[in-house]
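Coordinate inspection notes
Below, each chain spelled out in residue letters.
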Amino acid sequence: MTVKIQPLPPEVINLIAAGEVIDSPAAAVRELVENSLDAGATRIVISIVPEKWQVQVADNGRGMNLANLQQAALAHSTSKISHLKDLSQITSLGFRGEALHSIAHVSELEIFSRPNTGMPLADSEGWRVVYNQEGEAIEEETVAIAPGTVVKVSNLFGRWPLRRQGIPSAAQQLRRVQLLVQQVALCHPEVTWQVRQDNKPWLQISRSSTAKKILPQLVRGVRFSDLEEVRMEIGGESPTSPKGKQSLELVLGLPDRCHRGRADWVKVGINGRTIRSPELEQTIISALARTCPRDRYPICFIHLRISPHQIDWNRHPAKTEIYLHDLSYWQEQIKGAIDKALELGAETMPESPLPERVEKLLKASEKKGVYNTRKSDGGDGGNSGDRDLGLIELKAIAQLHQTYIVAEHPNGIWLIEQHIAHERILYEQLCDAWQLVSLETPIILSNLSLAQLEQLERLELEVDSFGEQLWAARNAPLILAKRDDCSDALIELSKGGDLEAAKVATACRSAIRNGTPLTVPEMQDILEQWQITRHPRTCPHGRPIFLKLEESSLARFFRRHWVIGKSHGI
Ligand code: ADP
Ligand code: MG
């Protein structure tokens, strides 16, 4: 494909939200990196020398010939769109043809580039071009370089001392670049990243096939096995998506394994770029509100690949904020994906099945059919989305310490904490139907403050005065109504919190206590109801509900891979 950089027609220029986008070294890096990605690079090296106000981005992308190099930094010159109609079809990260021009304006710009013909021995020449403030080529010479492009920006804002003053410290700039690279790496897992500071390696992210494999490289303490991934195709076309269909990719830190004190790893990417979308970020946080512990936030990355028609990038010149035309539709899709990621169906089989050799040995030494060691459905790790959770096959075996249900799973052993599993079941039932029923005999409450009475009223509980410092409660939440401690529960509800909090409190109070003996059928019943809850991993307070001992780990621990012959000295 021959690429030609050309000036945009004026009617297009007038339509795009133009603006000075280069206001910091990090902004220059952002624009250059996006150009490298648009050029199909799979290796990007960013070098920063804060002292010299220098940034450089080198890539192994498509490269440019001399004619394109001469055009590249002129105002509104781009190879990415050429007509008005292209504006609604944007699939590249850049399209305004402004970045190199703006950079030339505020720095000393030089570009080394050699077209990447894709054929190892094909002839292509490398050129070094130096630009003036207007973005015009003022020096050109051939150079011996590998295919790809190196954009070198020096003396940034040298002619704009006031602008330099407004820029945060070198350390903060680096932090911004780090964040930027981390975010962009999630959207482009196929790229290897290197950031060098003062010519020393400073940050490295290795390429991988999915964002799920990138995330553990970015967030300290998060392991691959702490994450769940969901990919969904969504009706409608999207040219930016690998299969041409709109899609959603979710990587979620399982809430019983990881969460953070800030919402700093709730990230949304759209068509290859991480954006700030307060609405979608809030959707994620709310969807996990009674699943993560209080004041803790999920680790979550969502990448939407959607039709360019759905997006209006003109919210912000740096394209970091957008308008989505059908916001509530996408919010629903995100909630659905989160629910899917939390289903226990994903637990069916271990992440890394046993090596084939071990599996053969196990088969030889075990009675047939004791354990499954491979995904039997050949599926994609529980993303099939159906809730036919016969899939999980959890079988209650015994109760331990009147607290834990021991369950057998085709893959190992699970321990389920009876109280909080039941709490999760009841909480979701209450969310689906918060039902108040009239009490046959009113419950008498005493010593209620005005605030407590108001709170009960807010929860639509009917309480009438019944004498000096006495009140009669005429209704109660269904699952509390028949309990002996209903009056205590009503007092608790009167003490504050919204309806949500009341549901949590009610579920907690009504759930089977630890210390209660349970029969096997009772335990099986709990297991079955719990498995089909929407968020079965944690209770509404965010405590983990189950612990699994995977057969693969047990086999490793008990050294079941030791060849019998060896241990018998044969
Ligand atoms: P835009 O990205 O909006 O098109 P830019 O000013 O960022 O505008 O870049 C102008 C043009 O220069 C791009 O359209 C592209 O053709 C070319 N270009 C810039 N950087 C690179 C690169 N790293 N590799 C190949 N081509 C590039
Ligand atoms: Mg660009």
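Just above, that's the structure.
Figured I'd write up the structure that's included with this text. (Residues numbered from 1 in each chain as written. Chains lettered and ligands numbered in written order. Predicted model: local features only at pLDDT ≥ 70, side-chain atom pairs only at ≥ 80, totals over all residues. Heavy atoms only, no water.)

1. Digging into the overall build of the protein chain
Regarding its fold elements, the protein chain presents 18 helices and 24 strands. Scored against the burial criterion, the 570 residues of the protein chain give a buried share of 50%. In the protein chain, the proportion of contacts linking residues at least 24 apart, taken out of those at least 6 apart, comes to 68%. Accessible surface computed for the protein chain: about 27600 Å², of which carbon and sulfur atoms make up 51%. (Helix = DSSP H or I, 4+ residues; strand = E, 2+ residues; numbered from the N terminus. Buried < 20%, exposed > 50% of the residue type's maximum accessible area, 1.4 Å probe, protein only. Contact = heavy atoms within 4.5 Å. Areas by Shrake-Rupley, 256 points an atom, 1.4 Å probe, with all protein chains shown as cover.)

2. As for the sheet that holds strand β20 (residues 412-417)
Read across the sheet, 4 strands follow the order β18-β19-β20-β24 without closing on themselves; strand pairing throughout is antiparallel. Only two strands of the sheet have a single partner each, and these edge strands are β18 (395-400) and β24 (546-550). Each adjacent strand pair in this sheet contributes to an overall mean axis angle of 20°, direction not counted. The pairing of strand β19 (residues 404-409) with β20 spans 6 bridges and is classified as antiparallel. (Pairing = 2+ DSSP bridges. Axes fitted to C-alpha atoms, helices over the stretch in contact; angles between N-to-C directions.)

3. Quick word on the site of ligand 1
The immediate surroundings of ligand 1 are formed by 20 residues, with N35, T78, S79, K80 and G97 found nearest. Here an oxygen atom of ligand 1 and a side-chain polar atom of S79 are 2.5 Å apart. Separating a nitrogen atom of ligand 1 from a side-chain N or O atom of T149 is a distance of 3.3 Å. Relative to its free-state accessible area of 530 Å², ligand 1 is covered by the protein chains to the extent of 95%. Only α2 (25-38), β4 (77-78) and α4 (99-106) provide two or more residues apiece to the shell around ligand 1. Class assignment of the residues belonging to the shell around ligand 1 gives a composition of 7 nonpolar, 9 polar and 4 charged. (Near = heavy atom within 4 Å. Polar contact = N/O pair within 3.5 Å; in protein donor to acceptor, adjacent residues only side chain to side chain. Nonpolar A, V, L, I, M, F, W, Y, C, P; charged D, E, K, R; others polar.)

4. Some details on the environment of E249
Within the secondary structure, E249 sits in strand β12 (residues 245-253). Under the relative-accessibility criterion, E249 is labelled buried at 12%. C-alpha of E249 to C-alpha of I334: the two residues are 85 residues apart in sequence and 9.3 Å apart in space. If sequence neighbours within four positions are ignored, E249 has contacts with A211, E229, V230, R231, F301, I302 and H303.

5. Looking at helix α6 (residues 170-187)
With 18 residues, α6 extends 26 Å from end C-alpha to end C-alpha; this agrees with the ideal 26 Å at 1.5 Å per step. Regarding α6, the residues found buried are Q173, L174, V177, Q178, L180, V181, Q182, Q183, V184, A185, L186 and C187. (Expected span 1.5 Å × (residues − 1).)

6. A closer look at the nonpolar core
If you look at the biggest cluster of nonpolar residues, it comprises 58 residues, and the most contacted ones within it are V33, I44, I46, L109, V181, W193 and L215. Among the elements that make up this core, the one with the highest residue count is α6 (8 residues). Excluding residues that lie within four positions of it along the chain, I46 makes contacts with V29, V33, Q56, V57, V181, W193, Q194, V195 and R196. Grouped together as the second largest cluster of nonpolar side chains are 30 residues, V268, I285, A287 and C300 included. (Core = buried A, V, L, I, M, F, W, Y, C linked by side-chain atoms within 4.5 Å.)

7. Comments concerning the sheet that holds strand β21 (residues 436-446)
With respect to topology, 3 strands assemble into an open sheet ordered β21-β23-β22, the strand pairing being antiparallel. Both edges of this open sheet fall to β21 and β22 (463-467), since each of them pairs with a single strand only. The average undirected angle you get between the axes of adjacent strands in this sheet is 30°. In this structure, β21 lies alongside strand β23 (residues 470-477), joined through 7 bridges in antiparallel fashion. Note that in β23 the partner of I443 across the bridge is A473.

8. Comments concerning the side chain of T283
Along the chain, T283 turns up in helix α8 (residues 278-287). By relative accessible area, T283 is classed as buried at 7%. Polar contacts involving the side chain of T283 include one to the main-chain carbonyl oxygen of E279, which spans 2.8 Å. Once residues lying within four places of it in the same chain are set aside, the contact partners of T283 are Q331, I334 and K335.

9. Observations regarding a nonpolar patch on the surface
Among the surface-exposed residues, I444, F466 and L470 lie close enough to one another that they form a single nonpolar patch of about 250 Å² accessible area. The topology assignment puts I444 in strand β21. Here I444 falls in the partly exposed class, since its relative accessible area comes to 39%. (Patch = residues over 30% accessible without salt bridge, like charges linked within 9 Å, V, L, I, M, F, W, Y side chains within 5 Å. Salt bridge = Lys/Arg side-chain N within 4 Å of Asp/Glu carboxyl O.)

10. Examining the pairing of strand β8 (residues 148-154)
Burial runs high along β8: 5 of the 7 residues are buried. Note that strand β3 (residues 54-59) and β8 share 5 bridges and pair antiparallel. Residue pairing for β8: V55 is matched across the bridge by V153. Of the pairings in the sheet, the one linking strand β5 (residues 108-114) to β8 comprises 7 bridges and is antiparallel in character. Across the sheet, the residue bridging to E110 is K152, located in β8.

11. Looking at the pattern of salt bridges
Counted by the stated rule, this structure contains 23 salt bridges. Note that D485 is salt-bridged to R483, the shortest N-O span being 3.0 Å. Owing to a relative accessible area of 17%, D485 belongs among the buried residues under this scheme. Classification of R483 as partly exposed rests on a relative accessible area of 29%. Salt bridges sharing partners connect three or more residues here, namely E110, R128, E139 and E141.

12. Section: unusual backbone geometry
For N155, which is not glycine, the phi torsion reads 50° and is therefore positive. Along the chain, N155 turns up in the loop between β8 and α5 (161-165). Owing to a relative accessible area of 30%, N155 belongs among the partly exposed residues under this scheme. Notably, D198 is not glycine yet its phi reads approximately 45°, a positive angle. Within the secondary structure, D198 is located in the loop between β9 (192-197) and β10 (200-205).

13. Regarding the packing of aromatic side chains
All told, the structure shown has 5 aromatic pairs when counted by the stated rule. Where W414 meets F546, the ring centres are 4.8 Å apart and the plane angle is 20°; that geometry is what we call stacked. Pair noted here: W414 is in strand β20 and F546 is in strand β24, with a separation of 132 residues, a long-range link. For W414, a relative accessible area of 2% translates into the label buried. The exposure class assigned to F546 is buried, which follows from its relative accessible area of 9%. (Phe/Tyr/Trp six-rings, centres within 6.5 Å; stacked < 30°, edge-to-face > 60°.)

14. Points about the side chain of E428
Here E428 lies in helix α11 (residues 418-432). A polar contact of 3.0 Å, which involves the side chain of E428, links it to the side chain of R424. A polar side-chain atom of E428 sits 2.5 Å from the main-chain amide nitrogen of R534. Setting aside residues up to four positions removed in sequence, E428 forms contacts with T533, R534 and H535.

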